[in-house]
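Survey of secondary and tertiary structure
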Amino acid sequence: MSSGGKRRSLLANAIESIGAVQPVGHDESTPAVAPVVEERPSETAAATSFLERRGAGLDELSKTVKKLTIRIKPSECTIWPGNARDYAQLTHERCASLIDSIREEGTNREPVVIRRTKNGAAPYELIVGTRRHFSISWLNANNHSEIELIARIETLDDEAAFRLADLENREREDVTDLERARNYQHAIQAYYNGGRIQMAERLAIPRQNLHNLLQLAELPEEVISAFAEPGDLKVHHGMRLSPMLKDASRKSGILDAARIIFAEQQERRDAGLARIEGARVFERLVAASAEKKPKTAPRSRPAVLSQAGGRIAEVLSDSKAKGLTLNINPQAVSTVDEILEALRPVIEKAKFSR
């Protein structure tokens, strides 16, 4: 089975487990649709009567009839803000392969998931399929106004919509760790009253995974901005940097380095140069987190002066254990007698072991 087929199966199972209620029929505002039927070999069950054969036939039909889909324009649905993917970050470059595929087929093969809205800016709200929505919107604006968005209507509350969208996003490699982390940060307050255990159980993910994502979302904006692309910032970066940023002695160094890196990224972008890669940014931030110990001032050493006030030598050490150590280096021209005369009182006062 293809990855697309697996994903459709996962989503279908998820919708059933979430308890989505399918709308029965459609109202006048809903475009007319027809059920799509796929052929399957009929099961060879023995039927002893007409009623049993009829019942078996109805059961088989219920298995083969897919859920209803409708065709709408992208403008007929708004984007649900609870989705992880940042719609504003989508571009033609990021969606190029999908745009080409939809252009060739004339539609999106995999339906998006929408729900009806009450008193909304549009009749529907898109829950799953942000890239498909963007791609068809782009095609509509670029000489392909005939292409419509195939959608499936579900009845979902916000928490169920979040779980459904999250399940699909886990299958999408182009959803960044940061997008998913921020989505989780919003959801834990909006749908789970801050309860991490409840959220992890509802999503069927390890609690540690949830904790790691929330750590990433809590990074300061200065640190996030140091990475040239959102996709450069990974979960394991947050796992390392978050504890360091909680240490006051390290936080200032990391933030200072992040601001410098951000400025460098801007300069490189303006100059058309390659960005500083995420791994290198991370290394520099970690290096900046090292605790900086204050430099100790060099200890002043007693100077030995001549009678005229010129520097003759300095005392390097003077102890009973090591004796007297001098560095004789006259600053001015001095005779041997002048040097000896200056050293005499130092030697007499030395702490030699007696």
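Residues numbered from 1 in each chain as written. Predicted model: local features only at pLDDT ≥ 70, side-chain atom pairs only at ≥ 80, totals over all residues. Heavy atoms only, no water.

The next point concerns the overall build of the protein chain. Per the secondary structure count, the protein chain includes 13 helices and eight strands. Nonlocal contacts in the protein chain, meaning residues at least 24 apart in sequence, comprise 67% of its contacts between residues at least 6 apart. When the accessible area of the protein chain is evaluated, it comes to approximately 21500 Å², of which 51% is carbon and sulfur surface. (Helix = DSSP H or I, 4+ residues; strand = E, 2+ residues; numbered from the N terminus. Contact = heavy atoms within 4.5 Å. Areas by Shrake-Rupley, 256 points an atom, 1.4 Å probe, with all protein chains shown as cover.)

Turning next to the packing of helix H8 (residues 207–217) against helix H10 (residues 235–245). It is the contact of H8 with H10, at a shortest axis distance of 8 Å, that shows an interaxial angle of 70°. Considered as vectors, H8 and H10 are oriented roughly perpendicular to each other. Along the contact surface, H8 presents Asn-212, Leu-213, Gln-215 and Leu-216, while H10 presents Val-235, Gly-238, Met-239, Ser-242 and Pro-243. (Axes fitted to C-alpha atoms, helices over the stretch in contact; angles between N-to-C directions. Parallel < 35°, antiparallel > 145°, perpendicular 65-115°, else oblique.)

Let's shift gears to the pairing of strand S3 (residues 112–116). Regular strands place their side chains on alternate faces of the sheet. Of all five residues in S3, four are buried; the element is thus mostly enclosed. Relative to strand S4 (residues 124–128), S3 runs antiparallel, the two sharing four bridges. Considered in S4, the bridge of Ile-114 is made with Leu-126. (Buried < 20%, exposed > 50% of the residue type's maximum accessible area, 1.4 Å probe, protein only. Pairing = 2+ DSSP bridges.)

Right, let's talk about the confidence of the model for the protein chain for a bit. Residue-level pLDDT values for the protein chain average 81, and 77% of them are 70 or greater. Segment residues 20–47 is flagged for pLDDT under 50; beyond a separation of four residues in sequence, or across chains, it makes 48 contacts in the model. A low-confidence stretch, residues 61–65 (pLDDT under 50), is modelled with nine contacts involving residues beyond four sequence positions or located in other chains. (pLDDT = per-residue confidence, 0-100.)

Further remarks concern the sheet that holds strand S6 (residues 303–305). The strand order across the open sheet built from three strands is S6-S7-S8, with neighbouring strands paired in antiparallel fashion. Taken across any chain shown, the strands that pair with only one partner, and hence form the sheet edges, are S6 and strand S8 (323–328). Averaged over all pairs of adjacent strands, the angle between their axes in this sheet comes to 35°, without regard to strand direction. Against the sheet, helix H13 (residues 336–349) engages S6, strand S7 (311–319) and S8, with an angle of about 155° to S8.

Pairing is mixed in the open sheet, where five strands are placed in the order S1-S5-S3-S4-S2. Looking at strand neighbours, the two that pair on one side only are strand S1 (70–72) and strand S2 (77–79), the edges of this open sheet. On average, each strand axis in the sheet is tilted by 50° relative to the strand beside it, whichever way the strands run. Looking at chain direction, S2 and S4 are connected through three bridges and run parallel. The residue of S4 that forms the bridge with Ile-79 is Leu-126. Those strands touched by helix H4 (residues 130–141) are S2, S3, S4 and strand S5 (149–153), and its axis lies near 125° from that of S4. With respect to the sheet, helix H5 (residues 158–170) is in contact with S3 and S4, its orientation differing from that of S4 by roughly 45°.

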